[in-house]
Amino acid sequence: MMKIELNREGINGLEKRYFKNKTFSHVTGNQIKLLPFKTNPSGDTFSEDFKSFQGVIGELFRILNSKTQVELGKISGSFKLELKESILKAAIDKVDTEHKEEFKNMLTKLFFDEDHGLIKFNIRTLSYMNFINSNNAVKEISKFIFDVFLIDFSSKASFNEDAVDENLLHQLIIQCLPELSEITSKSKVTNYTNLFPEIKEKFIEDFTHLTSNNSFLLKHIEDFFKYYYFHYLNQLLLELKDFGTGTSKIKPIYYTMDWETLSETRLSSHSVGWKQLNRYSESLFAHVNTLELLNYIMVDDKPIEDYKNIVTLFKSFSPEEKEKFQECIDELTTFYTENITVFETGKNWDDCDRLLELALAKENFEDTINLSIYTLWFKIKYQFENSSRSKPYSDYSKWYSQFGKVNYTKNRGRLGNTTILSQELLLFLTKICIGAEDKIRLKTLWDKLRERGIVFDETSKLEITKLFEKIGILKFNIYVLHFNL
């Protein structure tokens, strides 16, 4: 007989966590840590960082090397500018020349872009990329990516590229990079839970290939991490909306190329695209809070994790265990509804129950466990949408919707935004799919892209085939040849 109980009391219990100063408040990330999103600030605060992703990469590589960011930007307010001035000053001090200004101008043109950013020419430079927005909340994306994909990656030592083979100017700039401090904090931090080991497995395969060529890595590092981050979030959305009833297979998203025209008929044939994903993301915070609450139910003193694991566990229970587990969910639901009492005018739990009954009539849950999970989620969702908490609820989802919007969508007028890939990103992903092979069949490329969450309809495939023919990497319409990007 398994030990099944609801953890209500104690320092880490339900009562203690949800009541601060005798006021009920939603808290997440204690029992299960799923996403790096916040309710404050809103996700649309970070559009520039979502697009650039350089700050996320910089923080990620500092985490990989157990380093913290160098303290710059306090005087001018610009990290990039102060880093640039620090490097140039150190370089001029190291070189004996009578033409200091000319030398400084040469280094500026060679190693810094128009926005004063340090150009990536060596892996060590990645740790010096910084965020555009100064709010620290965006740093959590780097921690999330590290926990989900890289926490046990075996080749971390390769992230300190040797500068010996670089030319003299490169070596000089590397020597002039400010010293990064070691991370000294020993406080225990909860790691994010990876719900998709199969995505991580594919990530490691692709990342290993990417790191085998440093110039390839430096050119596409943002593209790579940005896509895998989006891919994981998409799969999470699709997984959550099934409440543990769906299959564990990767569910690919329909993309079109950004230069294509798209009709309403074509768009309607795409089973999952931006319209669906964006709609699912609106209730993300309700799902996160549902799973947080459910994980106060302990089975043999362990949390019960995500919907799929909960359903699997429930099916393995004896009738007595199922009854006990159901009692715990009912107790959780009562705990929640008894402590949420303030709604917008005309909204209340009776109205919620009425809407829930209508919603359940459209669902087809075969097991009582799915019904119970859905009921708790629906009640949590209802109170967020019909109370003063509606804004933070919306702000949380914008961490997904804004990221997707600025990176992987195009506005197509009355059709709205749709998921797209650019030519450059397609060619990069194609090379990733080819890997170390000399050539692969075109059909195999479509299969490999599907494994990475991407599908195209026949019209898009034809457009892509024309592109491959145009740039000379398609042979007899059978093979896509290995090419250099």
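A. Spatial organisation of helix H18 (residues 423-434). Compared with an ideal rise of 1.5 Å per residue, which puts 12 residues at 16 Å, H18 spans 16 Å between its outermost C-alpha atoms and is within 8% of the ideal. Within H18, 10 of the 12 residues are buried, leaving the element largely enclosed by the surrounding structure. The set of residues buried in H18 consists of Leu-425, Leu-426, Leu-427, Phe-428, Leu-429, Thr-430, Lys-431, Ile-432, Cys-433 and Ile-434.

B. View of the side chain of Asp-147. Inspection of the secondary structure assignment puts Asp-147 in helix H6 (residues 140-150). The exposure class of Asp-147 is buried, given its relative accessible area of 5%. Reaching out from Asp-147, the side chain makes a polar contact with the side chain of Lys-143 at a distance of 2.4 Å.

C. Spatial organisation of the nonpolar core. Core analysis: the biggest nonpolar cluster contains 131 residues, and Phe-225, Leu-294 and Phe-325 have the highest contact counts within it. When residues of this core are assigned to their parent elements, the largest contribution, 16 residues, is made by helix H9 (residues 214-240). If we ignore the near neighbours within four places in the chain, the residues touching Leu-294 are Ile-304, Tyr-307, Ile-310, Ile-329, Leu-332, Ile-373 and Leu-376. Core analysis: the next-biggest nonpolar cluster, separate from the first, contains 20 residues, Leu-83, Leu-107, Phe-111 and Ile-174 among them.

D. How the structure looks around the side chain of Thr-256. When you line up the elements, Thr-256 lands in strand S7 (residues 256-257). The class of Thr-256 is buried, set by a relative accessible area of 2%. Engagement of the side chain of Thr-256 in a polar contact is seen with the side chain of Arg-412, the distance being 3.1 Å. With near-sequence residues (within four places) excluded, Thr-256 lies in contact with Leu-262, Arg-266, His-270, Arg-412, Thr-418, Thr-419, Ile-420, Leu-421 and Ser-460.

E. Structural context of empty space enclosed by the protein. Inspection of every chain in the model, using the stated rule, returns one cavity of 30 Å³ or more. Empty space within the largest cavity amounts to approximately 50 Å³. In terms of lining, the largest cavity is formed by Asp-206, Phe-224, Tyr-227, Tyr-228, Phe-428, Leu-429, Ile-432 and Arg-452. Of all elements in the fold, only H9 and H18 reach the threshold of two or more residues within the lining of the largest cavity. Across the lining of the largest cavity, the residue classes tally to six nonpolar, no polar and two charged.

F. Structural detail: the packing of aromatic side chains. Following the criterion strictly, the structure yields 60 aromatic pairs and no others. Between Phe-365 and Tyr-374 the ring centres are 5.3 Å apart and the planes differ by 50°, which places this aromatic pair in the tilted class. On the basis of relative accessible area, Tyr-374 is assigned to the buried category, the value being 5%. Where Trp-377 meets Phe-378, the ring centres are 6.5 Å apart and the plane angle is 70°; that geometry is what we call edge-to-face. The residue whose ring lies beneath Lys-381 is Phe-378, and the NZ or CZ to ring-centre distance is 5.8 Å. The ring of Phe-216 has Lys-431 lying over it, and the distance from NZ or CZ to the ring centre is 5.1 Å.

G. View of the packing of helix H15 (residues 349-362) against helix H16 (residues 368-385). One can describe the packing of H15 onto H16 by two numbers: an axis separation of 10 Å at closest approach and a directional angle of 135°. The angle between the axes of H15 and H16 places the two elements in the oblique class. Crossing handedness for the pair H15 and H16: right-handed. Contact residues: H15 offers Trp-349, Asp-351, Cys-352, Asp-353, Leu-355, Leu-356, Ala-359 and Leu-360, while H16 offers Leu-371, Tyr-374, Thr-375, Phe-378, Lys-379, Tyr-382 and Gln-383. For the contact of H15 with H16, the class distribution of residues is 10 nonpolar, two polar and three charged.

H. Representation of the pattern of salt bridges within the structure. This structure, assessed with the given rule, holds 30 salt bridges. A salt bridge links Glu-239 to Lys-251, with the nearest nitrogen and oxygen atoms 3.9 Å apart. Within this pair, whereas Glu-239 is found in helix H9, its partner Lys-251 is found in the loop between H9 and strand S6 (253-254), the two being separated by 12 residues in sequence. There is no split in this pair, since Glu-239 and Lys-251 are both buried. For Lys-443, the salt bridge is made with Asp-447, and the minimal N-O distance between the two is 3.3 Å. Of this pair, Lys-443 and Asp-447 both sit in helix H19 (residues 442-451), four residues apart, which is roughly one turn of that helix.

I. Just the packing of helix H13 (residues 307-316) against H16, in detail. Where H13 meets H16, the axes come as close as 9 Å, and the angle between the chain directions of the two elements is 145°. Considering only the axes of H13 and H16, their crossing is right-handed. Contact with H13, carried on its side by Tyr-307, Ile-310, Val-311 and Phe-314, involves Thr-368, Ile-369, Asn-370, Ile-373 and Trp-377 of H16 and no other residues of that element. For the contact of H13 with H16, the per-class residue count stands at seven nonpolar, two polar and no charged.

J. Local environment of a negative patch on the surface. On the surface, Glu-320, Glu-323, Glu-327 and Asp-330 cluster together into a patch of negative charge. Among the structural elements, Glu-323 can be located in helix H14 (residues 319-339).

K. Seen up close, the sheet that holds strand S9 (residues 409-411). In spatial order, the strands read S7-S10-S9; together these three strands make up an open sheet with mixed pairing. At either margin of the open sheet sits one strand with a lone partner, and together these are S7 and S9. Contacting S9 and strand S10 (417-421), helix H17 (residues 390-408) runs over the sheet at an angle of about 55° to S10.

L. Spotlight on the environment of Leu-360. With respect to the helices and strands, Leu-360 occurs in helix H15. The partly exposed category is assigned to Leu-360, whose relative accessible area is 25%. Residues Leu-360 and Asn-213, spaced 147 residues apart in sequence, show a C-alpha to C-alpha distance of 53 Å. Beyond its immediate chain neighbours, meaning those up to four positions away, Leu-360 contacts Phe-365, Leu-371 and Tyr-374.

M. Main features of unusual backbone geometry. The linkage connecting Asn-40 with the following residue, Pro-41, adopts the cis geometry, with an omega of 10°. Turning to its location among the elements, Pro-41 is positioned in the loop between strand S3 (23-24) and helix H2 (47-52). Its identity is not glycine, yet Ser-66 carries a phi of approximately 55°, on the positive side. Tracing the chain through its elements places Ser-66 in the loop between helix H3 (54-64) and strand S4 (67-68).

About the cut-offs
- Residues numbered from 1 in each chain as written.
- Predicted model: local features only at pLDDT ≥ 70, side-chain atom pairs only at ≥ 80, totals over all residues.
- Heavy atoms only, no water.
- Helix = DSSP H or I, 4+ residues; strand = E, 2+ residues; numbered from the N terminus.
- Expected span 1.5 Å × (residues − 1).
- Buried < 20%, exposed > 50% of the residue type's maximum accessible area, 1.4 Å probe, protein only.
- Polar contact = N/O pair within 3.5 Å; in protein donor to acceptor, adjacent residues only side chain to side chain.
- Core = buried A, V, L, I, M, F, W, Y, C linked by side-chain atoms within 4.5 Å.
- Contact = heavy atoms within 4.5 Å.
- 1 Å grid on protein atoms, 1.4 Å probe; cavity = no way out; pocket = protein on both sides within 12 Å on 5 of 7 lines; lining within 4 Å.
- Points joined across faces, edges and corners; volume = space filled by probe spheres on them.
- Nonpolar A, V, L, I, M, F, W, Y, C, P; charged D, E, K, R; others polar.
- Phe/Tyr/Trp six-rings, centres within 6.5 Å; stacked < 30°, edge-to-face > 60°.
- Lys NZ or Arg CZ within 6 Å of the ring centre and 35° of its normal.
- Axes fitted to C-alpha atoms, helices over the stretch in contact; angles between N-to-C directions.
- Parallel < 35°, antiparallel > 145°, perpendicular 65-115°, else oblique.
- Left-handed = near helix turned anticlockwise from the far one by under 90°.
- Salt bridge = Lys/Arg side-chain N within 4 Å of Asp/Glu carboxyl O.
- Patch = residues over 30% accessible without salt bridge, like charges linked within 9 Å, V, L, I, M, F, W, Y side chains within 5 Å.
- Areas by Shrake-Rupley, 256 points an atom, 1.4 Å probe, with all protein chains shown as cover.
- Lys, Arg positive; Asp, Glu negative; His and termini not counted.
- Charge placed at Lys NZ, Arg CZ, Asp CG, Glu CD.
- Pairing = 2+ DSSP bridges.

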